[in-house]
Amino acid sequence: MKPMGPIPPYFAGQDVLTIAGHDAEHWIAQAGDTPLFVYDLGIVAERIARLRAAMPDRLAIHYAIKANPHPEMLAGIAPLVDGLDVASGGELEKALAVKEAALVSFAGPGKRDDELELAIARGATLNLESEGEAERALAIGERLGVRPRLAIRVNPDFDLKGSGMKMGGRASPFGIDAARVPALVRRLLATGVDWRGFHIYAGSQALSAAAIIETQAATVALAARLADAAGARAPHVNLGGGFGIPYFAGDAPVDIAAVGAALAETLDRDGDTDTDYAIELGRWLVGECGVYLTRVIDVKQSQGETFAVVDGGLHHQLAASGNFGTVVRRNYPLALVDRMNEAPGDPVSVVGSLCTPLDRLGDKVVLPLPRVGDVVAIFLAGAYGLTASPGLFLGHPAARELIVGVAAER
Ligand SMILES: *Cc1c(COP(=O)(O)O)cnc(C)c1O
């Protein structure tokens, strides 16, 4: 037997899994079949409201849409957040459909000229990833006769401790090394572009409030130092994100009240009063709102181990198989939707239908003995799920997606 992560509080303790007031089979009938992702916008709205209550008033909250770029999700979330952050021309188009361009920023290495042009022509902010990209953006602005909105993504000289994915403190394809930033700021200011400030993103999936607090303080201080060195105020500083969610046994949620209180102090102490600050979150906002529902096709025994074979797999939900950014494979929380509180039987491995041993969604987990036709819920499927999975691998059908619940006005 191997432990599972905690079922999110929105779904824990139920007998029959209910999402936005209806049981799982209701949503499967509505969507037509499994495998199915169901995303509850009500949960996202609740989390955004809770985050706002915890964070200083002057802090803007952005959504990093690569976590879940479904157009209906974007339409629901856009009115609840102060900005959208995108990482490709495709995401930029989606964001511009639901948010005014001035509130959209575009980061990511390897932006092509047509992507730079789209951002500049529409008035989105480019977070520049290199001096070369800066020069291309300047040339495009000149050619279009448009003053580009440009910020500099900084490769910080520190990383986010305890984060699942480190994004700073080393040689990096992301951002411009801090030491080279002041010269580029001066170059941009000399050309008369709409200089927007800094974007500093130090890591992802951190659960420790202490680590986030330390990183945010270091980020605010770095932005102030860079602005001083360049002799210019930064109109806007994007402090990055990095708030994790509990996926695995022993994980606990981020103490956002502690983070918010500390950030308020940091901004009061070290923040520039003329600067607007933002955080950009993906996973924390949407990860817990999603449930992946997949039906048991076969139950079999092999050498004393029970396997429940489901109609989904890693081609839809790669992360649950442990093959997306984790070193050691650990179990996501999962449950049988009709028997969430039933006493468990012997350990069972839940495997997907792909012909590869990688496709293991639950490894020797403790569940009631699954039967053919049962639906397995895999939680924490709202972020980096379908769009972060190798959907074409092995030619199985795509998963369905259903957006449910109401995103209440803030
Ligand atoms: C992916 C990404 C995010 C969101 O990260 P989460 O861990 O999902 O919050 C924020 N900013 C940038 C630049 C990113 O690339």
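Note that the structure is a prediction, hence the values are computed from the model and not measured. (Residues numbered from 1 in each chain as written. Predicted model: local features only at pLDDT ≥ 70, side-chain atom pairs only at ≥ 80, totals over all residues. Heavy atoms only, no water.)

A closer look at the packing of aromatic side chains
The test is simple: Between 30 and 60 degrees the pair is tilted, below 30 it is stacked and above 60 it is edge-to-face, where a pair is any two Phe, Tyr or Trp rings, Trp via its six-membered ring, whose centres lie within 6.5 Å. Note on classification: 1.4 Å probe, protein chains only; a residue is buried when its accessible area is under 20% of the maximum for its type, exposed when over 50%, partly exposed between these limits. Whether a charge sits over a ring depends on NZ of Lys or CZ of Arg being within 6 Å of the ring centre and within 35 degrees of the ring normal.
Using the criterion set out here, one finds nine aromatic pairs in the structure. Between W195 and F198, the aromatic rings sit 5.3 Å apart at their centres with planes inclined by 80°, giving edge-to-face as the arrangement. Given the relative accessible area of 7%, W195 is considered buried. An aromatic cluster of at least three residues, connected via ring pairs, comprises Y10, F11 and F379. Above the plane of the ring of W284 lies R47, whose end atom (NZ or CZ) is 4.0 Å from the centre. For K111, the ring lying beneath its charged end belongs to F106, and the centroid distance is 5.4 Å.

Let's talk about helix 7 (residues 181-191)
Quick note on the threshold: Helix and strand assignments come from DSSP, with helices taken as H or I runs of at least 4 residues and strands as E runs of at least 2, each series counted from the N terminus. Within this analysis, the arc is defined by the directions that extend from the helix axis to the C-beta atoms. Should any heavy atoms of two residues lie within 4.5 Å, those residues are counted as being in contact.
Taken together, the buried positions of helix 7 are occupied by V181, P182, L184, V185 and L188. Down the axis, helix 7 shows its buried residues gathered within 160° of arc, on one side only. Of the surrounding secondary structure, the elements contacted by the buried residues of helix 7 are strand 7 (125-128), helix 6 (131-144), strand 8 (149-155), strand 10 (176-177), strand 11 (194-200) and helix 8 (209-230). Following helix 7 by one or two positions, G192 has its phi on the positive side, about 80°.

Structural notes on the pattern of salt bridges
Our working definition: The working definition used for a salt bridge is a side-chain nitrogen of Lys or Arg within 4 Å of a carboxyl oxygen of Asp or Glu.
Within the structure shown, the criterion is met by 22 salt bridges. One salt bridge in this structure joins D194 and R149, with 3.4 Å as the shortest N-O distance. On the criterion of sequence distance, the pair formed by D194 in strand 11 and R149 in strand 8 is long-range, its members being 45 residues apart. Given the relative accessible area of 18%, D194 is considered buried. Taking the shortest distance from any N to any O, the salt bridge between D274 and R233 comes out at 3.4 Å. Here the residue D274 occupies a position in the loop between helix 9 (256-270) and strand 14 (276-281), and R233 occupies one in the loop between helix 8 and strand 13 (236-238), the gap between them amounting to 41 residues.

Quick word on the side chain of H70
Turning to its location among the elements, H70 is positioned in the loop between strand 4 (59-64) and helix 3 (71-77). With residues up to four places along the chain from it excluded, the contact list for H70 reads E401 and I403.

So, empty space enclosed by the protein
Convention followed: Points on a 1 Å grid over protein atoms alone make up a cavity when a 1.4 Å probe fits among them but cannot get out, and a pocket when they form an open set with protein on both sides within 12 Å along at least five of seven lines; lining residues each have an atom within 4 Å of a point. Grid points are joined across faces, edges and corners, and a volume is the space filled by probe spheres set on the points. In this classification, Asp, Glu, Lys and Arg are treated as charged, Ala, Val, Leu, Ile, Met, Phe, Trp, Tyr, Cys and Pro as nonpolar, and every other residue, Gly included, as polar.
On inspection of all chains with the given rule, the structure shows two cavities of 30 Å³ or more. Empty space within the largest cavity amounts to approximately 80 Å³. With four residues, helix 8 is the single largest residue contributor to the lining of the largest cavity. Tallied by class, residues from the lining of the largest cavity come to six nonpolar, six polar and no charged. Its boundaries defined by the atoms lining it, the second largest cavity holds a volume of some 40 Å³. Forming the walls of the second largest cavity are Y39, A67, N68, P69, G382, Y384, G385, L386, T387 and E401. Among the residues forming the lining of the second largest cavity, the class breakdown is five nonpolar, four polar and one charged.

Details of the packing of helix 6 against helix 7
Test applied: Only the contacting stretch of a helix is used when fitting its axis, a line to C-alpha atoms as for every element, and angles between N-to-C directions run 0 to 180 degrees. For classification purposes, an angle smaller than 35 degrees is called roughly parallel, one larger than 145 roughly antiparallel, one from 65 to 115 roughly perpendicular, and anything else oblique.
Relative orientation of the contacting elements helix 6 and helix 7 amounts to 5°, with a least axis distance of 11 Å. One way to sum up the angle between helix 6 and helix 7 is to call them roughly parallel. Here E131, A134, E135 and L138 of helix 6 come into contact with helix 7, specifically with L184, R187, L188 and T191. Its residues assigned to classes, the contact of helix 6 with helix 7 comprises four nonpolar, one polar and three charged.

Regarding the domain arrangement of the chain
Inclusion rule: Source of the domain bounds: an automatic or database domain assignment. When two components associate, each loses some accessible surface as probed by a 1.4 Å sphere; the sum of these losses over both components is called the buried area. In the analysis that follows, any N or O atom pair within 3.5 Å is treated as a polar contact, provided that within protein one partner can donate a hydrogen and the other can accept it, and provided that, for residues neighboring in sequence, both atoms belong to side chains.
Under the domain assignment, the chain is made up of domain 1 (18-39 + 287-404) and domain 2 (69-281). On a C-alpha basis, the centres of domain 1 and domain 2 stand 34 Å from each other. Opposite the 13 residues of domain 1 that make contact, domain 2 presents eight residues. Around 1100 Å² of area is buried between domain 1 and domain 2 when both sides are counted, 69% of it from carbon and sulfur atoms. If you sort the residues of domain 1 by the area they bury against domain 2, R330, L380 and I403 come out on top, with a joint share of 39%. The interface formed by domain 1 and domain 2 includes zero salt bridges. At the boundary of domain 1 with domain 2, the tally comes to zero residue pairs in polar contact (both at pLDDT 80 or more). The class makeup of the residues in the side of domain 1 that touches domain 2 is six nonpolar, four polar and three charged.

Focus: the UniProt feature "modified residue: N6-(pyridoxal phosphate)lysine" (unreviewed entry) in the chain
Rules: UniProt positions are given in the numbering used here, feature names are shortened, and annotations may be inferred rather than shown by experiment.
Per the UniProt entry, the sites bearing "modified residue: N6-(pyridoxal phosphate)lysine" (unreviewed entry) are K66 in this numbering. Beyond its immediate chain neighbours, meaning those up to four positions away, K66 contacts E91, Y384 and T387.

Here's the deal with the environment of S208
Here S208 shows up in the loop between strand 12 (203-204) and helix 8. C-alpha separation for the pair S208 and G244, spaced 36 residues apart in sequence, amounts to 8.5 Å. Within the local environment of S208, its side chain forms a polar contact with the backbone nitrogen of A211, the two atoms lying 2.9 Å apart.

Structural notes on the site of the ligand
Quick note on the threshold: Here a residue is near a molecule or strand as soon as one of its heavy atoms is found within 4 Å of it. Residue-level accessible areas treat just the shown protein chains as cover; the underlying method is Shrake-Rupley with a 1.4 Å probe.
The full set of residues close to the ligand is A64, K66, H199, Y201, S204, E280, L281, G282, R283 and Y384. At 3.1 Å, a side-chain N or O of Y201 approaches an oxygen atom of the ligand. Interatomic distance of 2.6 Å between a side-chain N/O atom of S204 and an oxygen atom of the ligand. Relative to its free-state accessible area of 380 Å², the ligand is covered by the protein chains to the extent of 92%. Considering only residue class, the shell around the ligand consists of four nonpolar, three polar and three charged.

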